[in-house]
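The residues making up each chain are set out below.
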Amino acid sequence: MEGTWIDKFKGLSRLPDDIRADLEAGSQIVSVPAGTKVFGPGQSADNLLLLLDGTVRVQQKSETGREVFLYRVHAGESCVLTTACMLAFEEYSADGIAETDVRAVAIPRTTFDRLVANSPVFREFVFTAYSKRITDLFTLIDDIVFQRMDVRLASRLLELADENGVVHATHAVLATELGTAREVISRTLSEFNRRGWVEQSRGEVRLTGRAGIERLVRSSGAGV
């Protein structure tokens, strides 16, 4: 029973053999192409998805139509909104978008309910992931309310930059990431450009002064 997808998730590797077998038999591996809406408002949560590869961006649309980024689900993680909806039998209130090609394990409600009820190890895995993400969401709220926009943008650029120091995102996408207006992002990036920290081209931002960006984030006490 070793070497299966279960061992990719911290906490599940401690499952006893009979529960591992039940989990494997009662779930399936699915693939979702980049750009696909994995779930959306009003849909029921019928499967808990555990990501094996790729990322899913979870965002919510405000009453004014502005999209606000909530969090990303990475490989080795589950979606807290899906967990909450499955536990409470509620419908989704936000969108989940596959940012890349995604491969995930789909655990249907029947299997999920049975293991949460009967397996302390599986139950601990579910609620540990849930509590961690709730903490992350409180941090997001704190950042939105108390953190300066230039610091938040600097931190997000460092997070999204690839190995070449390039962020592949438009001003509109960055505005969604930070829950603000595109014009605010444009003004802030123009200031970063003036300082020699970034260079901009269509659909991307290149970090040319990473040290300065990191210094701004550190001076505020925000994490990189």
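Residues numbered from 1 in each chain as written. Predicted model: local features only at pLDDT ≥ 70, side-chain atom pairs only at ≥ 80, totals over all residues. Heavy atoms only, no water.

### Some details on the domain arrangement of the protein chain
Interface size is commonly expressed as the accessible area that is lost once the parts come together. Convention followed: Either an automatic procedure or a domain database provided the assignment from which the domain bounds are taken. Note on contacts: a residue pair qualifies if any of its non-hydrogen atoms lie within 4.5 Å across the two residues. Buried area: the accessible area, evaluated with a 1.4 Å probe, that two parts lose upon being put together, summed over both parts. What counts as a salt bridge is simple: a side-chain nitrogen of Lys or Arg found within 4 Å of a carboxyl oxygen of Asp or Glu. Each polar contact in these results corresponds to two N or O atoms within 3.5 Å; when the atoms are within protein, one needs to be able to donate a hydrogen and the other to accept it, and residues that are neighboring in sequence are counted only if both atoms are side-chain atoms. Secondary structure elements follow DSSP: runs of H or I no shorter than four residues count as helices, runs of E no shorter than two count as strands, and numbering proceeds from the N terminus. Three residue categories are used. Nonpolar comprises Ala, Val, Leu, Ile, Met, Phe, Trp, Tyr, Cys and Pro, charged comprises Asp, Glu, Lys and Arg, and polar comprises the others, including Gly.
Domain assignment breaks the protein chain into domain 1 (5-118) and domain 2 (144-219). Each of domain 1 and domain 2 has a C-alpha centre, and the two are 29 Å apart. Each partner contributes to the interface: domain 1 provides eight residues, whereas domain 2 provides eight residues. Overall, the association of domain 1 and domain 2 removes approximately 600 Å² of surface from exposure, summing both partners, and the carbon and sulfur fraction of that is 48%. Counting the surface domain 1 buries against domain 2, the share from its top three residues, Arg66, Phe69 and Arg72, is 67%. Viewed at the interface, domain 2 and domain 1 are joined by one salt bridge. A salt bridge links Glu177 to Arg72; the shortest N-O distance between them is 2.3 Å. At the junction of domain 1 with domain 2, the criterion picks out two residue pairs in polar contact (both at pLDDT 80 or more). Secondary structure elements with two or more residues in the side of domain 1 that touches domain 2: strand E4 (56-61) and strand E5 (67-73). Of all the elements, E5 adds the most residues to the side of domain 1 that touches domain 2, at four residues. Class assignment for the residues of the side of domain 1 that touches domain 2 results in two nonpolar, one polar and five charged.

### Concerning helix H5 (residues 149-160)
For the record, the criterion: One less than the residue count of a helix, multiplied by 1.5 Å, gives the span that helix is expected to have. Exposed residues in this analysis have more than 50% of their type's maximum accessible area, buried residues have under 20%, and partly exposed residues fall in between, with area computed by a 1.4 Å probe over protein chains only.
Here H5 contains 12 residues, and its C-alpha end-to-end distance of 16 Å stays within 8% of the 16 Å for a straight helix at 1.5 Å per residue. The element H5 is extensively covered by neighbouring structure, given that 10 of its 12 residues are classed as buried.

### Examining the nonpolar core
So the rule is basically this: Here, nonpolar core refers to any group of buried Ala, Val, Leu, Ile, Met, Phe, Trp, Tyr and Cys residues whose side-chain atoms link them within 4.5 Å.
Core analysis: the biggest nonpolar cluster contains 37 residues, and Trp5, Leu12, Leu23, Leu50, Leu81 and Phe122 have the highest contact counts within it. Setting aside its immediate chain neighbours within four residues, Leu81 contacts Phe39, Val58, Tyr71, Tyr92, Ser93 and Ala94.

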